Amino acid sequence: MRAEGATRSNTHENERDHAIERRWLWLVLGLSVLARVAVALYLGNVVDAPPLLTDQRSYHALGERLLEGHGFSFDRDWYPFTLANTPTAHWSFLYSLFVAAVYALLGVHPVAVRLVQAVLGGLLIPWMVYRLAQRAFVGRRWTPLWAAAVAAGYAYLVLYAATLMTETFYIVLLLWSLNLGMDIGAALQGTVPVSARRWLGLGLVLGLATLMRQSILPWLPFFFLWLLWQSRASGQIKPTLRGLILAGLMVLALVLPWTVRNYAAYGRFLLLNSNTGYAMYSAQHPMHGTNFSEFAAAPLPEGFTWGNEAAMDRELLQLGIRYVLAEPGRYLLLCLSRVRAFVEFWPSAETSTLHNLGRVVSFGLALPFMIYGLILGRKRRILHSTACLVVFFVLVYSVMHIMTWAMVRYRLPVDATLLPLAALGAEDVCARVRLMLARRGMLHVKLPCEVA
């Protein structure tokens, strides 16, 4: 009877804790949306707000052109090499369609896109970080809620949710794919088979992320190899290979229509977007010397023929590779200088006050807690074995950008995946401070049950 009573008491306590957690989570999500909506209203209906985020001009223009029936094109010569009234593949097709859809429903008002994206980003990014923390930590009741709160108030994520740029939706899809990957990885470590539906779901999310930003593509082979590695002990290698083929085919199915479109427009193969070549060319250009300047766009080479984008993309890619092969020492020093551009969290004279403040109070504030959270997770052995996927992604993605083109906003996906670690560190520090104050009689609260 006593055991039965204890079981009922524990069940009731768990249900009560779940109800409390849900209420707090909804509050966090509500505050997250409010913060992003406030920034969207502050930036308003001006396309170039805030300054330096000039990609907004392109997505606004493409949204208008699509709505007017001109397709993916511009009405004038456009950065970096698109001629007026010619097909472009330089910008995300999926995000351009999103902007056009909002304009079709609510009118051609940039603030409308800002507000819709602010609401969606305010809900989805904290939720995805919350779910990632649930999967990453073993036996941590409240850490996922802390992670959602950190994501809700992370300054740079708040800012970019209110811009006409791909970052917010790309980060949502990336976090979603990591959540699915950790689920599948956990299943592969055991004897539970992974259904075709789950593999196709992973492929769908990765395919949508690719359409949002094709920079995810170099990560996919590493991601798939990690999943294959998880199946080695359980003997599920062959089923895993079949599943990875399914996921890969789903990604290909989403990209293929745009490859066909590009071939029809340019008469030659272009997988998706025509921005790889210019990025490689501009980022390795001799104008940088050995000190990379992330906001400097290299001029097109003299005598460069303005032809179709597929041809120019390939020509610029080859030229960028030649820069690397001709001066490997300079390229190495250039990559080392890009580490600064990638991790920069201190104020810079090159950027506005808004960006400087955003860097300092986001990554600058969170980085010590991220490091402490990683150390704490390993020390207490509360990191789930599949959490290594997050660390693996951070390493691969960071190296990829350091080797090509690095800037702070390209680091945002890394920031988002590390927020659960920052939450673990912040939770532990707050618990220690509360305990210290309570012991000194300065704070009369119920003490947390877990303080190392």
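Because the structure is predicted, anything quoted here is derived from the model rather than measured. (Residues numbered from 1 in each chain as written. Predicted model: local features only at pLDDT ≥ 70, side-chain atom pairs only at ≥ 80, totals over all residues. Heavy atoms only, no water.)

Our next topic: empty space enclosed by the protein. Summed over the entire model, instances satisfying the criterion amount to 1 cavity of 30 Å³ or more. Within this model, the largest cavity holds a volume of roughly 40 Å³. Looking at the largest cavity, the residues that line it are Glu167, Tyr170, Arg213, Tyr397, His401, Arg409, Tyr410 and Pro413. Its residues assigned to classes, the lining of the largest cavity comprises 4 nonpolar, 1 polar and 3 charged. (1 Å grid on protein atoms, 1.4 Å probe; cavity = no way out; pocket = protein on both sides within 12 Å on 5 of 7 lines; lining within 4 Å. Points joined across faces, edges and corners; volume = space filled by probe spheres on them. Nonpolar A, V, L, I, M, F, W, Y, C, P; charged D, E, K, R; others polar.)

Another point: the nonpolar core. Counting residues in each nonpolar core, the largest one holds 115 residues, and the members touching the most others are Tyr95, Trp219 and Leu227. Counting residues per element, this core draws most heavily on helix H7 (residues 167-189), at 12 residues. Once residues within four sequence positions are removed from consideration, Leu227 is found in contact with Gly181, Ile184, Gly185, Leu188, Trp199, Leu202, Thr240 and Leu244. Core analysis: the next-biggest nonpolar cluster, separate from the first, contains 9 residues, Tyr278, Met312, Leu316 and Tyr323 among them. (Core = buried A, V, L, I, M, F, W, Y, C linked by side-chain atoms within 4.5 Å. Buried < 20%, exposed > 50% of the residue type's maximum accessible area, 1.4 Å probe, protein only. Helix = DSSP H or I, 4+ residues; strand = E, 2+ residues; numbered from the N terminus. Contact = heavy atoms within 4.5 Å.)

Contact geometry of helix H12 (residues 309-326) with helix H13 (residues 328-343) gives a least axis separation of 5 Å together with a crossing angle of 105°. Viewed along their axes, H12 and H13 adopt a mutual orientation that is roughly perpendicular. Here Tyr323, Val324, Leu325 and Ala326 of H12 come into contact with H13, specifically with Pro328, Arg330 and Tyr331. Taken together, the residues of the contact of H12 with H13 break down into 6 nonpolar, no polar and 1 charged. (Axes fitted to C-alpha atoms, helices over the stretch in contact; angles between N-to-C directions. Parallel < 35°, antiparallel > 145°, perpendicular 65-115°, else oblique.)

A separate point is the pattern of salt bridges. On inspection of all chains with the given rule, the structure shows 13 salt bridges. Of the charged contacts, one joins Arg57 and Asp48 as a salt bridge, the two residues approaching to 2.9 Å between their closest N and O atoms. Asp415 is paired through a salt bridge with Arg411; the nearest N and O atoms lie 2.7 Å apart. Overall, Asp415 belongs to the buried group, its relative accessible area being 0%. Take Arg411: its relative accessible area is 1%, and that puts it in the buried class. (Salt bridge = Lys/Arg side-chain N within 4 Å of Asp/Glu carboxyl O.)

Taken together, Ile245, Leu249, Leu252, Leu256 and Val260 make up a surface patch of nonpolar side chains, about 470 Å² in accessible area. Checked against the element boundaries, Ile245 lands in helix H10 (residues 237-266). (Patch = residues over 30% accessible without salt bridge, like charges linked within 9 Å, V, L, I, M, F, W, Y side chains within 5 Å. Areas by Shrake-Rupley, 256 points an atom, 1.4 Å probe, with all protein chains shown as cover.)

With that settled, the discussion passes to helix H14 (residues 353-380). Between its terminal C-alpha atoms H14 stretches 40 Å, which fits the 40 Å expected from 28 residues at 1.5 Å a residue. Where H14 bends most, the angle comes to about 35°, and this point is Leu367, followed within four residues by the proline Pro368. Within H14, the full set of buried residues consists of His355, Asn356, Gly358, Arg359, Ser362, Phe363, Gly364, Ala366, Met370, Gly373, Leu376 and Gly377. Of the surrounding elements, those touching the buried residues of H14 are helix H6 (155-161), H13 and helix H16 (412-439). Just past H14, the residue Arg381 takes up positive phi, approximately 55°. (Expected span 1.5 Å × (residues − 1). Bend = angle between axes of the 7 residues up to and from the residue.)

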